[in-house]
Every structure is written in C-alpha cells, then in structure tokens.
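# Observations on the model geometry
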Amino acid sequence: MSGAHYVTVTIRHRSWNQGGRISVWGFKPLSEVPRVKLSIENVGKRYSGNVWALRRFSLELKPGVLGLLGPNGAGKTTLMNILATITRASEGTVTWNGVDVAKDPNALRAVLGYLPQDFGVYPNLSAQEFLEYLAAVKGLDATAARRRIDQLLNVVNLADVRGRPLGGFSGGMKQRVGIAQALLNDPRLLIVDEPTAGLDPEERVRFRNLLSDLSGERIVILSTHIVSDVEATATDIALISNGALVAHASPEDLLQRVDGRVWEWVIPSADLNAVKQVYRVSNTARRSDGVHVRVLSEEPPQGARPVAPTLEDAYLDALSVYRTGVAA
Amino acid sequence: MTSGRVLWHLVKADFLTRVRRTSFLVTLAFAVFLGYQVFAGNIVMQLDDYRGVYNSAWVGALMGVVTSTFLTLAGFYIVKGSILRDETTRVGQILAATPMSKSFYTVAKVLGNFAVLAAMVAVMGVAALAMQLVRAEDRTLHVWTLLSPLLLYALPAMAFVAALAVLFETLPLLRGGVGNVVWFFLWTGLMVLGVGQSVTHGGVVMHAGYFRDFSGMPTLMGQMRTTLLQVDPHFHNDFSLSVGSMKPHKQFLWTGVQWDGAQVAARLLWFVYALAGSLLAAVFFHRFDPARERFARKRNAAPERIAVVEFAAAKNLAQADPWTHRLTPLESSGAKNRFFALVAAELRVMLQGHRWWWYAIAGALFVACLAAPLSASRGGVILAAWIWPLLIWSQMGGREARYATGSLIFSAPHALDRQLPAAWVAGALVTLATGGGLLIRLLIAGDGRGVAGFLVAVCFIPSLALALGILTGGSKFFEALYTVWWYTGAAHHIRGLDFMGTVDASGTPVVYLGLTVVLLAVCWTRRRTQLAYA
C-alpha cells in the first residue's frame, strides 16, 4: 500500500452479517490516521425535578462500531447529546483523545459527525445547498466540500434529486440528507441516533453496510432499539437501562451468555398464554403446524429443542438480569 | 361523546398547552406591566387638561379602553400560531384523522385563543380593582361600573382578535410574517374607523356608529365629552389616550358608561363577528393535508411529483451498486476559519425561497433611494426600502429553533464565535444592500451625520432581529415590534424612536449605537447559554 494513495482494500467477514464481501473505500493510510479514544467517566445528567436521565455512566471507546441498545427512556439520547456536545453533563467528564470536552469542545466538534434522532432541514434549500451550508458551518474548504457533497449524494442515493427543495422530500429522503451531513467532515467520531428510522428495508441494509465500512479507524456510536441494526454492524455493544450501563461486551460475549438457554418448540395457539405465564418468550411465529415459540430458560421446556441464540435473546436476558437480578 | 364535550376537551387541551409554557407567564407579565403603567399614570386618558376622578367608573373605563386598544394589538401576536403548533407537533394529523369537522376545529381554536386573551383581561380587572383602592380618590366600589367596560369593551374585541388570529393562520398569504405586518395596519384601521365615526358626529355617537366601534373608545369619548361639556362649556373636544408623562391638571366626576340596549347589542355583535370569522377560517383551513401545508405548497413540490421522485430514487437504489461510489477523504478534517464562506452561506440561507420579483422590488427601491431628492430619499423612500426585507431579518436567530436544525449547527465547531457573527454580518449586508442607494446619496452630499446615522441603522436593525430571534426562538415578536417601531418612530420622525435617522432632528445615532452594543451582548450571552459548551 503506497502512502501516496488514499485507498485501502479491506476484506471483512462477519458471521452475523451478509457474509464476506469486498468493499472499496477511500480511507487515509493507517499511518496518517491518529488513533482515537473517547472516554466517558462517571457521567450523569440531571433534569429539572431531580430526574436523573443518566447516572455514573462510564465507558471507554476505541475505533469500531458501538451499538447502544436500551429500552425507550433508558438514557440513550441523553448520552448521545452529551457526547455530541449538545447537552452539558451534570457530573463526570468526557474526554476526546485525552482532551476534556467541557474545556475544549471544539477539539471534538471538529472531528464530529452527528445525526440526531430529530432534526430539521431548511425547506426552501435543496439537498445540495443545505449540505453546502452545513459544510461552511463546519469550516470545510469550498472545493473539498463540493467534491465531498457530490460523493455523499451518490452514496445516499439523492444525486438525482439534489436540486429539489427539501420541503418536498419524504421522511426517508430527509433522513438520508441527515446521514450525508453527518459524514461531511470525514468524522473521526460518528454519532448516529436511530439512523434507520424512516428508511425502507433496502436503504436500511445499505446504511448498515455503510456504517460497517466507515468504522475502520473511527469511532461510530449507533444508538437504536432495533436489535437487528446493531447485530449487523456493531463490534461492541453497550446495554443501557434507567440511565445506567447494564453491560458492555462484544456481540460474541453477549451471545455466549445465553448460549444453551434458548429453546424453541411448537405449541397449539390455545397454549400460548399459558406458556407466556411460565417462560420469557422472546419470539413467536404462527405457522401451519402451530405457534413456534422461542423462549429463554435455564431448563428446556418439554418437547423443546435448543436453538442458536440471537442478539435479541441476549438483550432480553441482560435486561431481565438487570431488572430482577435473575436470568430469564 | 357529545359535541360539547369534544369542544371542551379541545379547548382545554389547547389552553393547558399554552398556560404551561413560560411564554404564557410572559404574556400575563405583559398584562401586569400594562396595568401597572396605567396605575403609575404613564398611560393616561384625558380630555383637554381633564381626567376623571379615580372612581370605579373612570378606572374601569380606563382599563377597558387600554385593554381593547393596546392589548388587542399585542394579543393577536400572542395567540397567533395555535394551528401552526398543531402542525409542527403533528397533533394536527391525529386530529385530522378523527370525524371532527373543520368548522369545529377552527371554533375550538378561536375559543382557545379567547381563553388566553380573557386571562389577560382578568389580570387587567384585578389591576383595576387594585388601582381604585390604592389611588383612594373614591373608595366606593361599584363592581359592575368598574368591570363592565372590561366585559363589554375588552372581551368582545378580544373575541374578534382571537378569530382573526385563526383566520390569518388559515390563509396561506397571511399565516406568516406578512400577516403579522398586515395585522398592525388592520388594527390601526380598526382604531381609526371607530374614532373617525365619533369625530364625524361632533362628539355625539349615533347608534349606527356603535357597530363599527371595535375598541369602544369612540363611544366612551362621546359620553365623556357630553358629561364634561356640562362641567366646562369651554371644553375643546380633545380626547387622548396617550403613553408618556403628560399629566392632566384638572379633574371631573364621571359616573360611568350609560349602557343602552343598542350599545350592548353592538358590543355583543363582535362575538358574532368572531363566530363568523371562525367559520370563514374553516373554509380556508387545510385540515393538515400535507399537500396544502406550509412547505408542500412551494414550487416543484406537487405531491404527484414527489411520488415520482421517490419512485425514481427507489429504482436507482435497486439498480445502483453503492460500493462503487468512493468517498475521498478530506485533506484535513479539522475545521478552518472560513468566515467569509460562512457569511456567504448564511446569506444564501437568509435569501432562500425568494422569487425574482422580491429582488426586482428591492432593486427598484435601491434605485429610488438613489434617484429621489436626498430629503425624500432619507425621509421617505428609505422607509419602504427598510420595511421590504422585514421577513428576511425576522428569520435571524430563530431559524435554528423554528426548523429544528440547532442540533446540527450547534454541534459544529465555533458555533458561537463564527456562526453567530456570520449570521449578523449577513443581516447587516442585507440591510446595507437594500438601503445602499441612500448611502451613496449621503456620501455624494458629504453628509457625515447622515452617513453615521445610516451606518448605525445598518448595525441596529440586524442586531434587534438577531437578539429577538435568539430570545424568542421565532420571528413573530420582531415582526410585530419592528413594524410598530418603524411606523411610530421612523415614519413619524419621532426623536428618540427614529432608529433610521430619517431627518437630522429625529436621529439619535449615538443612542442606537449603544443599543446595538447592548443587543449584540444579549445575542452573545443568550446563544452562549443555548450551547452546552461555548
């Protein structure tokens, strides 16, 4: 690999993804890319009424995709807002490569790409104009920004409609504009909050692949409650509930925890309620031969067969352990 | 559920949504402030050099008239926006999917507006009571005499305002900033219409005049004049409701409004007008149809076309091989201080969506400033040139909140020390460009004082817009305040209020330079608190 060319070829293989594939992306040579580290130490956020959305949250992140999973109201968006320098933490510190973000927020903002859960656009601007505006706000060079915007509009499949006012865009199209703006400055830290909301299945798959490819030498934080998104892209997973970190592990480790405790069997429809009373049901599917029930249990239900756990099983189990102190 | 219950819950939800916001407290604070100004004698009703003894009749009449004049002007701006709120919160789409009729909705919105305005009237009622007791010129309390002007002058006027606010929101042309400007002139017209009627009849108001009397003031004037003429036959027939320190030196006893059937009917008729306005609003109400809402009506955005675009994009998606697209890394991802590029970007956002005719008229005003005689250019044409960009200035500072782009912009580096100044410079450039014809004339004439006044105005106007935008998160307050200020101060060349310095005698550039500095400090401070980390 020559230092003069900004192209590397990466070959990736993931057991839970779409299999092996080759992707070609323009990344800087590894020698030129500084290693990045994001540290979150005892961070808490208190809202009025003494409500803590986040409490004593600590995490250290290195390049890769962190999937941030948790139920509604767990504190994911609050954490995202703190990391994106939108909200100030009530306690604790966030450091970027050793620099305290509270003291020098611009050190982080300069390398930050942020896709909020809810964001707006200027309806009378076109996608091209809106991205040009945000490129200027981010301080990008005009020529480089124009080239980058061209590429990004192709990546998010909006090149054909780049000149149309954003006011006429559908929700999914606006979301793709949001994805493009997050990537404008070639960020070292990419924070995406519910990024696949509003995307159709094909676009969702594309976005997952995009995230996987981007993660090379940067930190990507993906917050979602869609487990399959995390399953497809994350190299690490953080489970969060009630503002606290429940677990931080690799997908393999989390899967390992429920290995041998996931069962599936077929029952008549009439028995479903009774089964739900006894077991933690992680999935049901009605088929011609009855209801296929998937449960988490230490002991195998009568007639059940063991199945390979999914991340959804691991997620439900970890939350169950956190809430009740016992595994499902 | 009966219609009455549905209506009750709609109005209740609307009212609670408003009263639980800080802005409602500000609204009530404004009513309290106004009440205090009356109490302190800063708002005075006088006939020649007379005022009434502060008994229930005079205090009630004074509060009633102040409410039906000043508070109706402000009240419109306060309550306008309830349909827009349902639109932006998307509650409207949920309501639109219910069997509720359009007229039902608009009537409910008018009632919600009216409830807020009535709360302000109630504050003025309490202020009236306090004023009579504290002033203590006559402590005998006549409740009906005290409160009837508020109930029969102020409340019907407020009902009409509540309906107009909803009607304006349903009319595409008037729902935005244009409507805010139009309301000021419409309000002026309503005032003048009533007063004119009174003058025409030589101080005696005919019954027919009641029906045009929006504020109740002309009717009141007629009755007070009749009373005062019995006390002082030399009374010159001057009546004024003024803000300032002019104190009348004489007193007379006034016993209150003589309500007759026609007069009461005329006042209640404003409720009928309000109902008519509500129903008219229903005709234009878009029922949250996305194709007819605010943004979808723009050019090139017909729904059929969007569907085609979406389909085309989906088709491309299926055909495209996304992995062949390459993202070339940026030479450096660090943020640079490209201030002028940012100013240009802010300028572009500021001018977004304006059609060719907007620029044509701005250009014509520039030329008119240049071609007209200097006195006419400075004293007249510049007024037009600097009301024309009102809706551009009014977007400043509040755009991020209005379009929910704050999280994108405030997470960028140096939002405080680059983006904010860039937005201000862009606003100043718009001001400079639209009034530039006058600047050239002043420079040619070597009028240093005029140039100074012009440049201060170029700095002051965007500072005011930016500060109010940042403070309120919207455009309405600036649109209302600027229009009133422009009309009362600049257009009438009132010294101290003439921020444009339209004539030497009225210009006070040093004062406005100081005010500009204060406003910029407010911008900086407030934006700093909006950012988690400045």
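Relevant structure appears above.
Structure report, in brief. (Residues numbered from 1 in each chain as written. Chains lettered and ligands numbered in written order. Predicted model: local features only at pLDDT ≥ 70, side-chain atom pairs only at ≥ 80, totals over all residues. Heavy atoms only, no water.)

### Overview of helix H8 (residues 251-258) of chain A
Residues and elements named next belong to chain A.
- Three or more residues of H8 are buried, namely Pro 251, Leu 254 and Val 258. Each buried residue of H8 lies within a common arc of 65° when the element is viewed along its axis, so the set occupies one face.
- Backbone geometry just downstream of H8 places Gly 260 in the positive-phi region, at approximately 85°. (Buried < 20%, exposed > 50% of the residue type's maximum accessible area, 1.4 Å probe, protein only. Helix = DSSP H or I, 4+ residues; strand = E, 2+ residues; numbered from the N terminus. Arc of directions from axis to C-beta.)

### Brief notes about the pattern of salt bridges
Residue and element names in this part refer to chain A.
- Scanning the entire structure with this criterion turns up 25 salt bridges over all chains.
- Measuring nitrogen to oxygen at the nearest pair gives 3.9 Å for the salt bridge that ties Arg 204 to Asp 229. Of the two residues, Arg 204 sits in helix H6 (residues 201-214) while Asp 229 sits in helix H7 (residues 227-233), which places them 25 residues apart along the sequence.
- What makes Arg 204 partly exposed here is its relative accessible area of 23%. (Salt bridge = Lys/Arg side-chain N within 4 Å of Asp/Glu carboxyl O.)

### As for unusual backbone geometry
Residue and element names in this part refer to chain A.
- The backbone of Asn 42 shows a phi angle near 50°, a positive value even though the residue is not glycine.
- Structurally, Asn 42 is set in strand S3 (residues 38-47).
- Given a relative accessible area of 45%, Asn 42 falls into the partly exposed group.
- With a phi angle near 50°, Asp 186 is a residue other than glycine that sits in the positive phi range.
- Within the secondary structure layout, Asp 186 lies in the loop between helix H5 (171-182) and strand S9 (189-193).

### A word on the sheet that holds strand S6 (residues 91-96) of chain A
All names here are of chain A.
- Spatially, S4-S3-S6-S7 is the arrangement adopted by the 4 strands of the open sheet, whose pairing is antiparallel. For this open sheet the edge positions go to strand S4 (51-61) and strand S7 (99-100), each flanked by a neighbour on one side alone.
- Bridge count between S6 and S7: 2 bridges; the pairing is antiparallel. Each residue of the ladder has a partner; that of Thr 95, found in S7, is Asp 100.
- Each of S3, S4 and S6 is contacted by helix H1 (residues 76-83), which is oriented at about 120° to S3, the strand it contacts most. (Pairing = 2+ DSSP bridges. Contact = heavy atoms within 4.5 Å. Axes fitted to C-alpha atoms, helices over the stretch in contact; angles between N-to-C directions.)

### Observations concerning the environment of Gln 128 of chain A
Residue and element names in this part refer to chain A.
- Along the polypeptide, Gln 128 turns up in helix H3 (residues 127-137).
- A C-alpha to C-alpha distance of 9.2 Å links Gln 128 and Val 177, two positions 49 residues apart in sequence.
- Those residues in contact with Gln 128 that lie beyond four places of it in its chain are Arg 146, Ile 149, Asp 150, Leu 153 and Arg 162.
- A polar side-chain atom of Gln 128 sits 2.7 Å from a polar atom in the side chain of Arg 162. (Polar contact = N/O pair within 3.5 Å; in protein donor to acceptor, adjacent residues only side chain to side chain.)

### Let's talk about helix H2 (residues 22-39) of chain B
- Here H2 of chain B is 18 residues long and its end C-alpha atoms lie 25 Å apart, about the 26 Å a rise of 1.5 Å per residue gives.
- Looking at the buried side of H2 of chain B, the elements it contacts are helix H1 (3-19), strand S1 (43-47), helix H3 (56-79) and helix H6 (102-135) of chain B. (Expected span 1.5 Å × (residues − 1).)

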